[in-house]
Structure formats: C-alpha cells, structure tokens
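# Observations on the model geometry
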Amino acid sequence: MRRDITTDWLAHAVVYQVYPQSFADGNGDGIGDLRGLEERLEYLSWLGVDTVWITPCFASPMRDAGYDVSDYYRIDPRYGTRDDLASLVEAAGRRGIRILLDLVAGHTSDRHPWFLASADDPGDHRYIWSDQMVEGFVPSPGARPGSYRPNFFPFQPALNYGYARPSADEPWRQPVDAEGPQQNRRALRDIMDYWLRQGVAGFRVDMASSLVKDDPGHVETAKLWRELRGWLDREHPGAVLLSEWGDPKTAVPGGFHADFFLHFSGLAFRSLWDNGTVATTWTPVEACFFDPSGAGSPADFLAEWKEAKDAIAGTGHIALPTSNHDWPRLACGARTGEQLRAAFAFLLTWPTLPAIYYGDEIGMRYIPDLPDVEGSLLAEGYNRAGSRTPMQWDKSDPQITYLPADPDPERPNVADQRADPGSLLSLVRSLIELRRTHPDLGTGGEVEVLNAGYPFVYRRGSFLVAVNPGAAPAAASAPGDGGELVMGGGVEWSGERLRLEGFGYGIYRMASS
C-alpha cells in the first residue's frame, strides 16, 4: 500500500467524481458498486484520471442517497464490503489512482445508533436538543422530550459541534468546548483515522462549513478544521481534505487543501455553467458564459477566482468541477455535448484543480422529469436525479436500473467515443495528457488574460489558449505572429488576429518560445 509523505501530488491531480450506484454494476443487481468501479479502473487510467472521489458509500437508509449515514465504519451492503473497498484501493494504487471518500461530518441519519440512543437520553449531547419545540427543529422520535435541530432534511439530525455564540437563555446553544461538541470532534478524527489506515488518500467533506452553528464568518468552524488539519498533517502527511464549502478564500485558510467553486455560493461556478435548466432561489444568472447565445461574461468568475487566489496565496487550491450530483450536467438544456469542447479546453488549461463529474467527458445529458429517487427532488423544477443516471458504457441499455437511462437512442457512450479519435472523450483524454505533460497548463503557474469576452483568450507560460463558448464566430487580437497549434478546432491565428468559429477552441505554443 502506497503511503504519500506530502500532498504535493494534489497540485497535479485531475479529480473524477463517481456516483457509485450509477457508475458500474459488478454483481448484476442493477445498482452500481465498488466491485464494478474496480472493473472500470482501466478506463479511468486510460483517460488519465489520477484521483477518484466516491460519493458516500457508508451504511445508510438511503433517504438522501447515502448522505444520511447510519454507520461510519461499515460499507453499505449494496456497494459491497470493507474488503471490496480495500481491493479497490489496492487496484487503483497499482494504476496510480488515489481514492477519496465522501465524509458526511455535520449530521447522521436519524437511524444511526448515536441518534437512537440520544433520542432516549436527555443527558446525551451528541446532537442539538431542546426540551421544548423550537422553530426549525424536529419533534423528538424517542422518550426524550422536546426537539432536535436538523442539518438538511428532517431525518438528518445535526451533530453538535457547539455554537459560536452560546446562550444561557437557549441551553441547546452549547459552547464549542462543551463535552458533546468535543466528543464529536474526537469521533470525527477517529473515523478519518480508520479509513486513512485502510489506504484512502483523503476525503471530500460534505457541508464542511455547517459544523459550528451561528458562527459569523465561520471563525469557530475554521478553528475546528485547522485543528483536524494539524492532526492530519502529523499522522497522515500525504492525505488531503477537499471541502464542500463553496468559498475557497475561507475554506483553504480554514484548514482544507482545496475547496470547490459551487452552485450555492457566489457566482463563479454558475456564471460559467448555469443556463437555467433547473429552478433555484439563488441570485439569477442572466446568461452564463458557456452558452450558445454568447450573451454571458467571464467577469464574475474572474473576479471571484482572483479574490480566492489572492486569499489562498499558494497554500491550497481552488477546485472547479464540470458538475456534480447536485447540479445539472454540462450537457443540459440548450447546451449539447457537441458544444463542450471549448468548455473542457478551458477547464483543463485554467489554473484551478479540475474535477470531472462521471459521464461529462462523453457529453452525457441531464435528464429532466425523472422520479424523486432517494431524496433527489429538492424543489419543484429542481430534481437532482437528472444528473445521476447510469453511466453509458456502450450502445446497449445500461445494466444499472437504479435510475432510468437516457432514452435517446443516439445517446453518447464510452465504447464508441473511445474508438473515435475525433470524439469529445478523446479530446478530454488528450487535454489531460497535455496538462500533465506541461506544468504551464496546470494548477500552478501564472495566467495572463488577453481578452475577457468572446473569445476568451489567455496565456499560460509558453501557451496561448482561446475558447469561444458561443455559437457565433468571434475574433480577438493576439500578440505575435501566430504559433504552433497544439490542439484545436474551428480556430485560425493569422497575423495578430485570432478567429474562432462557434464553439471553437485552440491551444497554441507561442512562436517566441
């Protein structure tokens, strides 16, 4: 078993998110599992992926697709066993792939033994309890009177990490150094230690900012994570923590190696990808940048990226995903798989940590109007199931029946695209290889924006990158007399003028280099 001694590897990583129940079925029961994932490691290695994040695979009633954990030390039977995870980790390591688990740190299932015991014991403070009904709390299901605080859905009771502003008038608002909050810190560390000793390379932490309640600026929550990070660096120096915080300028100084730009915080992520496919209550995006209309702008992304980059100051990374299990895929609404080449050219040459959601590399579509499966429906018009459909490995119907497959008979699939050197999949593979071969295109290094519009043009060391996310042709000035086109389509650089067709992209090695 490989033991990393530093986290330098993360700077060169390409993360691939797997939703295990929809990825690959190794035992024929219609639900994806760890054995199926292991059987597909050859594909991930061929693609160039070196870090796989698996959404929760711990024991769960699956009322929120595994984000309601009932036992942190047991693999849910539908995914396999601890031995299956050990086999996966070992097999992945032989291919140079690290495995990250998804750690639900802020809450458990209401069927977790901790909660069942707490619901009958007024002296237990592992969760946030009041002896009376409090607005937003959920009535006690046990002998204990009163109510508990949920963290997301009502069946996900919040673990008690304390309140930044305790109050004697509201006794459930315990200080962070009370016994209940300290007990949970110890338990969280023990869970992490257990799985790291099984060989995983770290964790993506769910709802990482939610631990300490009523915490202005997340000051106490950051202290908690920095404490855990200090322990991690001492005991497991090669392991990493990635956060679902959605605010890298806070999360990375707060103890994480990387944090994602996400849909629910700021505009960096949605200003790139949100084309209105699902209904939300967040600040609306009039037109995202990667949209055929050509009416968007990279300005919001660039402003938030620069602010985060300056705050982090080289101590961690900003992760940029194509999508995730909570948000529509890149190919959604009017944006088709044929339009994604420019998006991937950008994702894999910009100085962020790239994260590819399974299937986006072949242009799998977000599928609307699916049933509510395991808590996927968040609101009318916002069903996460559309991003969780079975991976499309070949032309046949997927073995996985957890969710319906894309009904389109022309749906993209891995087998056809892998055999086609001109496919989106082949392009993504080539982009990953180019990024890995040339540090100028990686997470580190400088970037100089030459045109912040259509086309988007920027320089990375000895390379010039141009992408046109719109359907209409676009042109911009470029320095010098052209360069060597390393990779591209629908692009021409003549004199000091770059011209791109709709959805065109180009990566040039500068002539002066």
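A few points on the structure. From a predicted model like this one, the values you see are computed outputs, not experimental measurements.

## Describing the overall build of the chain
- When helices and strands are tallied, the chain shows 13 helices and 21 strands.
- Taking 24 Å as the expected radius of gyration for a compact globule of 513 residues, we find that the chain reaches 23 Å, a close match to that expectation.
- Taking the principal axes of the C-alpha coordinates as reference, the chain spans close to 75 × 50 × 45 Å.
- Expressed as a percentage of the 513 residues in the chain, the buried residues total 59%.
- For the chain, contacts bridging at least 24 residues in sequence account for 63% of all contacts bridging at least 6.
- A total of about 19300 Å² of accessible surface is found on the chain, and carbon and sulfur atoms cover 48% of it.
- Of the side chains in the chain, 48 bear a positive and 70 a negative charge, and the two mean positions are spaced by 4 Å.

## Focus: the pattern of salt bridges
- Summed over all chains, the structure comprises 28 salt bridges.
- For arginine 173, the salt bridge is made with glutamate 170, and the minimal N-O distance between the two is 3.5 Å.
- Under the relative-accessibility criterion, glutamate 170 is labelled partly exposed at 30%.
- Put simply, glutamate 244 and arginine 204 hold a salt bridge, and the shortest N to O gap is 3.3 Å. Placement of the pair is glutamate 244 in the loop between β10 (240-243) and α8 (248-251) and arginine 204 in strand β9 (residues 202-206), with a sequence separation of 40 residues.

## Description of the nonpolar core
- Ranked by internal contacts, the top residues of the largest apolar core, which has 132 residues, are Tyr16, Trp225 and Phe346.
- The greatest single-element share of this core, amounting to seven residues, is contributed by helix α13 (residues 424-437).

## Examining the side chain of serine 109
- With respect to the helices and strands, serine 109 occurs in the loop between β5 (98-104) and α5 (113-118).
- Its relative accessible area of 1% is what places serine 109 among the buried residues.
- Separated by 2.9 Å, the side chain of serine 109 and the backbone nitrogen of arginine 111 make a polar contact.
- Setting aside residues up to four positions removed in sequence, serine 109 forms contacts with Pro61, Asp68, Val69, Ser70, Phe115, Phe155 and Pro157.

## Looking at the packing of helix α6 (residues 179-196) against helix α7 (residues 219-235)
- The interhelical angle for the contact between α6 and α7, taken along N-to-C directions, is 35°, at an axis separation of 11 Å. Crossing hand, α6 versus α7: right-handed. The residues of α7 that touch α6, namely those facing Arg185, Leu188, Arg189, Met192, Asp193 and Leu196, are Leu224, Trp225, Glu227, Leu228, Trp231 and Leu232.
- Residue classes in the contact of α6 with α7 are distributed as eight nonpolar, no polar and four charged.

## Here's the deal with the sheet that holds strand β7 (residues 138-139)
- The antiparallel open sheet is built from three strands, whose spatial order is β6-β8-β7. Edge strands, defined here as strands with exactly one partner in the open sheet, are β6 (129-130) and β7.
- By the bridge criterion, two bridges tie β7 to strand β8 (residues 147-148) in an arrangement that is antiparallel. If you follow valine 138 over to β8, its bridge partner there is tyrosine 148.

## Here's the deal with the state of the cysteines
- Under the criterion given, the structure shown has zero disulfides.
- Note on cysteine 288: no disulfide assigned, nearest cysteine sulfur contributed by cysteine 332 at a separation of 7.8 Å.

## Regarding α6
- A rise of 1.5 Å per residue sets the reference length of α6, with its 18 residues, at 26 Å; its end C-alpha atoms lie 26 Å apart and thus fit the reference within 8%.
- If you check which residues of α6 are buried, you get Gly180, Pro181, Asn184, Arg185, Ala187, Leu188, Ile191, Met192, Asp193, Trp195 and Leu196.

## Considering the layout of surface pockets
- Computed from the structure, the largest pocket encloses a volume of approximately 500 Å³.
- Residue lining of the largest pocket: 26 residues in total, with Phe152, His263, Phe264, Asp326 and Leu378 positioned closest to the centre.
- Elements supplying a minimum of two residues to the lining of the largest pocket: β9 and β14 (377-379).
- Looking at the lining of the largest pocket residue by residue, the classes come out as ten nonpolar, nine polar and seven charged.

Here is what the cut-offs are and how they apply
Residues numbered from 1 in each chain as written. Predicted model: local features only at pLDDT ≥ 70, side-chain atom pairs only at ≥ 80, totals over all residues. Heavy atoms only, no water. Helix = DSSP H or I, 4+ residues; strand = E, 2+ residues; numbered from the N terminus. Rg over C-alpha atoms; globule rule 2.2 N^0.38 Å. Buried < 20%, exposed > 50% of the residue type's maximum accessible area, 1.4 Å probe, protein only. Contact = heavy atoms within 4.5 Å. Areas by Shrake-Rupley, 256 points an atom, 1.4 Å probe, with all protein chains shown as cover. Lys, Arg positive; Asp, Glu negative; His and termini not counted. Charge placed at Lys NZ, Arg CZ, Asp CG, Glu CD. Salt bridge = Lys/Arg side-chain N within 4 Å of Asp/Glu carboxyl O. Core = buried A, V, L, I, M, F, W, Y, C linked by side-chain atoms within 4.5 Å. Polar contact = N/O pair within 3.5 Å; in protein donor to acceptor, adjacent residues only side chain to side chain. Axes fitted to C-alpha atoms, helices over the stretch in contact; angles between N-to-C directions. Left-handed = near helix turned anticlockwise from the far one by under 90°. Nonpolar A, V, L, I, M, F, W, Y, C, P; charged D, E, K, R; others polar. Pairing = 2+ DSSP bridges. Disulfide = S-S within 2.5 Å. Expected span 1.5 Å × (residues − 1). 1 Å grid on protein atoms, 1.4 Å probe; cavity = no way out; pocket = protein on both sides within 12 Å on 5 of 7 lines; lining within 4 Å. Points joined across faces, edges and corners; volume = space filled by probe spheres on them.

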